[in-house]
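The primary structure of each chain is shown beneath.
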Amino acid sequence: MPLSERQLAAFADKHVGQIPFDTSPRHLAGPGDARHVTHGLAAAGWTTLSDPLDAEIVLRSPDHRYRLQFDPQSTTSAWWRLRAENSNNEPGWYAEFGKRVPAEVLAGLTDALIAPASPQQDPWDPVTRAGWRRDEAGAAHSPDSLCHIERRPMSEFRVHPSWHIEARDARDAQYPGPRIWHAFLDEHVPDHLAGAFLTALTDQSPLQRGMFDRTAHHSAVKQSSPLRPQQVVEAHTARMKAIGAQARAARRRQTTPAPRPPHTAAVQPTAHR
């Protein structure tokens, strides 16, 4: 079911009445509005499998390969679960994200998932460009030392590494504090999706939060934004339109038959005299 005008209007009703505050760093900005993720997938043609009156949202891709579950009543630390089934060319994979993962950061991954395939970059590139510190083990740490990125095997029996990202309250160097949020991408998540998530996470531009929105940590900085509330709404609407246009173009490419080669008359053999 495509994204409806009513759904966009509901997003606008909430955000047009909020004074936006630039909030940084991103890993401490708090979850924000989950519709940054769910609206993007709906605009790309994903369908809802869950009951509209249920707090849990389950979306499935048009090809039935991908499935996203958002459960804000989950008794586990993972509120978001994204699964890919096996295909002819690629193995299935799984990723999960905690409740305080900023929706805009997760949307970086889901936007890359629904976009045309792109060349795979080294997922560490955006982390390096953002100036995050790398240690001897290869892990990366945010400038405030509250967010950490590791790539390690899940066990001694599995050679390929998976991504483990988490934000933790800092107590001291030896004993990290309570976990704020986590993200896990298994070893089969394509590099360009991991790179998209890390690009959005380490982006130094702020996220917009309402004046009374709670951040994920007390050290997050909120400053009055130069953006007006209507501009926040317009940016969301423009992104949805762009995603919808992209999805329609992809469907046209799939349904348009390939052009036939021009017909040429058969060449008659020359008779020997």
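Numbers given to residues run from 1 along each chain, matching the order in which its sequence is written. Confidence filtering applies because this is a predicted model: local features only for residues at pLDDT of at least 70, side-chain atom pairs given and counted only at 80 or more, and all residues used for totals across whole chains, interfaces and linings. Side-chain numbers here rest on the full set of heavy atoms in the structure, without hydrogens or water.

With an unreviewed UniProt entry as reference, the protein is termed DUF317 domain-containing protein, source organism Streptomyces parvulus.

The subject of this paragraph is the overall build of the protein. Along its length, the protein carries 6 helices and 13 strands. Remark: exposure states derive from per-residue accessible area (1.4 Å probe, protein chains only) relative to the maximum for the residue type, with buried under 20%, exposed over 50%, and partly exposed in between. When the 273 residues of the protein are sorted by exposure, 42% land in the buried category. Any two residues whose heavy atoms approach within 4.5 Å at even a single point are treated as in contact. At a minimum sequence separation of 6, the contacts of the protein that also span at least 24 residues come to 58%. For the protein, the accessible area works out to roughly 16,000 Å², and carbon and sulfur atoms hold 52% of it. Helix and strand definitions follow DSSP, with helices as H or I runs of at least four residues and strands as E runs of at least two, each counted in order from the N terminus. Each accessible area value is a Shrake-Rupley result obtained with a 1.4 Å probe; residue values ignore everything except the protein chains displayed when judging cover.

One broad rule of soluble globular proteins: the nonpolar side chains tend to lie buried together. Here, nonpolar core refers to any group of buried Ala, Val, Leu, Ile, Met, Phe, Trp, Tyr and Cys residues whose side-chain atoms link them within 4.5 Å. The biggest cluster of nonpolar side chains holds 55 residues, and the ones touching the most others in it are W46, F97, I149, I165, L185, F197 and L201. Among the elements that line this core, the one with the most residues is helix α3 (residues 103–114), at 8 residues.

Attention shifts here to the packing of helix α1 (residues 5–15) against helix α6 (residues 229–255). Each axis is a line fitted through C-alpha atoms, taken for helices only over the stretch in contact, and angles between the N-to-C directions span 0 to 180 degrees. Here α1 crosses α6 at 155°, and the two axes come no closer than 9 Å. Here α6 runs roughly antiparallel to α1, going by the angle between their axes. The handedness of the crossing between α1 and α6 comes out as right-handed. In contact with L8, F11, A12 and H15 of α1, α6 contributes P229, V233, H236 and M240. Amino acids outside the nonpolar list (Ala, Val, Leu, Ile, Met, Phe, Trp, Tyr, Cys, Pro) and the charged list (Asp, Glu, Lys, Arg) are all regarded as polar, and Gly is one of them. Grouping the amino acids of the contact of α1 with α6 by side-chain chemistry returns 6 nonpolar, 2 polar and no charged. Roughly parallel means an angle under 35 degrees; roughly antiparallel means over 145; roughly perpendicular covers 65 to 115; every other angle is labelled oblique. In this scheme, a crossing is called left-handed if the near helix is turned counterclockwise away from the far one by less than a right angle; it is called right-handed if the turn is clockwise.

Glancing now at the sheet that holds strand β1 (residues 20–24). We treat two strands as partners when DSSP finds at least two bridges between them. The sheet built from 3 strands is open, its strands ordered β12-β1-β13 with antiparallel pairing. The open sheet is flanked by β12 (207–210) and β13 (221–224), the only strands paired with a single partner. Pairs of neighbouring strands in the sheet enclose a mean axial angle of 40°, with direction left out of account. Direction of pairing for β1 relative to β13: antiparallel, over a ladder of 4 bridges. Paired with D22 across the bridge in β13 is Q223.

To describe a pair of aromatic rings, you give the distance between the ring centres and the angle between the ring planes. Here a Phe, Tyr or Trp ring, Trp counted by its six-membered ring, pairs with any other such ring whose centre lies within 6.5 Å, and the pair is stacked when the planes are under 30 degrees apart, edge-to-face when over 60, and tilted otherwise. Under the counting rule described, the total for this entry stands at 7 aromatic pairs. Ring plane angle 45° and centroid distance 6.1 Å describe the contact between Y66 and W93, whose orientation is recorded as tilted. Placement of the pair is Y66 in strand β4 (residues 66–70) and W93 in strand β6 (residues 93–98), with a sequence separation of 27 residues. The pair Y66 / W93 is uniform in exposure class, with both members buried. For the pair F70 and W79, a centre-to-centre distance of 6.4 Å together with 65° between the ring planes defines the contact as edge-to-face. What makes F70 buried here is its relative accessible area of 12%. Through successive ring pairs, a cluster of aromatic residues spans W46, Y66 and W93.

A few words on α1. Where α1 is concerned, the buried positions are L8, F11, A12 and H15. Projected down its long axis, α1 carries its buried residues within an arc of 100°, all on one side. Of the exposed residues in α1, those oriented more than 90 degrees away from the buried face are R6 and D13. In this fold, the buried residues of α1 make contact with α2 (35–43) and α6. In this description, one arc is meant: the one made by directions from the helix axis to the C-beta atoms.

The next subject is α6. An α-helix turns once every 3.6 residues. As a result, residues three or four positions apart point the same way. Here the expected span of a helix is defined as 1.5 Å times the quantity of residues minus one. The end-to-end C-alpha distance of α6 is 40 Å, a good match for the 39 Å that 27 residues give at a rise of 1.5 Å each. Within α6 the residues assigned to the buried category are V232, V233, H236, M240, I243, G244 and A247. In this structure, the buried residues of α6 make contact with α1, β1, α2, α3 and β12.

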